[in-house]
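# Structural features, examined
Each chain, written out:
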Amino acid sequence: MIEGPKYPALAVDAACSGNPGILEFRGVVADTGTEVFRRGPFPQGTNNIGEFLALILGLAYLKKYNLPWTLYTDSVTAIAWVRAKHAKTKLLCTPENQELFMMIRKGEQWLRENTWTTEIRKWETSQWGEIPADFGRK
């Protein structure tokens, strides 16, 4: 059995209606559900892009406020993209989603130019239930 989540923590998640579709993402304090950031809706996004951007915003938030918290996501893909400091999306940039692509480029730049000590962990949905930042649309 997997041990439970570590607190204090920030949890991030994305919701996308369609693929691509309308995307939004947010971060919440994991044990209280208090929302600390929310972005979107954006047209023509993907869940992986939202999860990636949410992780970067989570890292930046924790660094800005010097919080030594754990950062949770339920996305293995987003964790891999953050480690690589690059979003490996196959989505094409269009006039409808160019704002998202500008955010991706800024996020990748932030990852290259910053360091952090934040532990990024996978939220174990099968053991702990939905991640606290979940939008509840399943």
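Up top is the structure these notes are about.
Here goes a summary of the coordinates provided. Here the structure is a predicted model, which is why all the values come from computation and not from measurement. For every chain, the first residue of the written sequence is number 1, and numbering continues from 1 onward in sequence order. Under the rules for a predicted model, residues below a pLDDT of 70 receive no local features and side-chain atom pairs below 80 are neither given nor counted, while totals for whole chains, interfaces and linings still include all residues. To get the side-chain values, take all heavy atoms of the structure and skip hydrogens and water.

Helix and strand content of the protein: four helices and five strands. Going from N to C terminus, the protein has its helices and strands arranged as β-β-β-α-β-α-α-β-α. Note on method: radius of gyration uses C-alpha positions; expected globular size equals 2.2 Å times residues raised to 0.38. Since a compact globule built from 138 residues should have a radius of gyration of about 14 Å, the 14 Å found for the protein is in line with a globular shape. The C-alpha extent of the protein, read off along each of the three principal axes, is 45 × 35 × 25 Å. The buried label applies to any residue whose accessible area, calculated with a 1.4 Å probe on protein chains only, is under 20% of its type's maximum; exposed applies above 50%, and partly exposed to all values in between. Residues counted as buried form 44% of the 138 residues belonging to the protein. Whether two residues are in contact is decided by their heavy atoms: any pair within 4.5 Å suffices. Residue pairs in contact within the protein that sit at least 24 positions apart in sequence constitute 66% of those at least 6 positions apart. Working note: accessible area of the protein is about 7400 Å², and carbon and sulfur atoms make up 51% of it. Within the protein, one finds 17 positive and 15 negative side-chain charges whose respective centroids are separated by 6 Å. Secondary structure is summarised from DSSP: a helix means a run of H or I of at least four residues, a strand means a run of E of at least two, and numbering begins at the N terminus for each. In this description, accessible areas are obtained by the Shrake-Rupley approach with a 1.4 Å probe, and a residue is regarded as covered only by the protein chains that are shown. A positive count includes Lys and Arg, and a negative count includes Asp and Glu. His and the chain ends are not counted in either. For charged residues, the charge sits on one atom: NZ in Lys, CZ in Arg, CG in Asp, CD in Glu.

One open sheet accounts for five strands, arranged 3-2-1-4-5; its pairing is mixed. This sheet does not close on itself; its edge strands, each paired only once, are strand 3 (35-45) and strand 5 (119-122). With direction set aside, neighbouring strand axes in the sheet form an average angle of 20 degrees. Here, a strand pair is defined by DSSP locating no fewer than two bridges between the strands. Pairing of strand 4 (residues 70-73) with strand 5 involves four bridges; the strand directions are parallel. In the strand pairing of strand 5, Thr70 is matched with Glu119. Fitted lines through C-alpha atoms serve as axes, helices being fitted only where they are in contact, and the angles separating the N-to-C directions of these axes extend from 0 to 180 degrees. Helix 1 (residues 47-64) contacts strand 1 (9-18), strand 2 (21-29), strand 3, strand 4 and strand 5 of the sheet and is inclined by roughly 155 degrees relative to strand 1.

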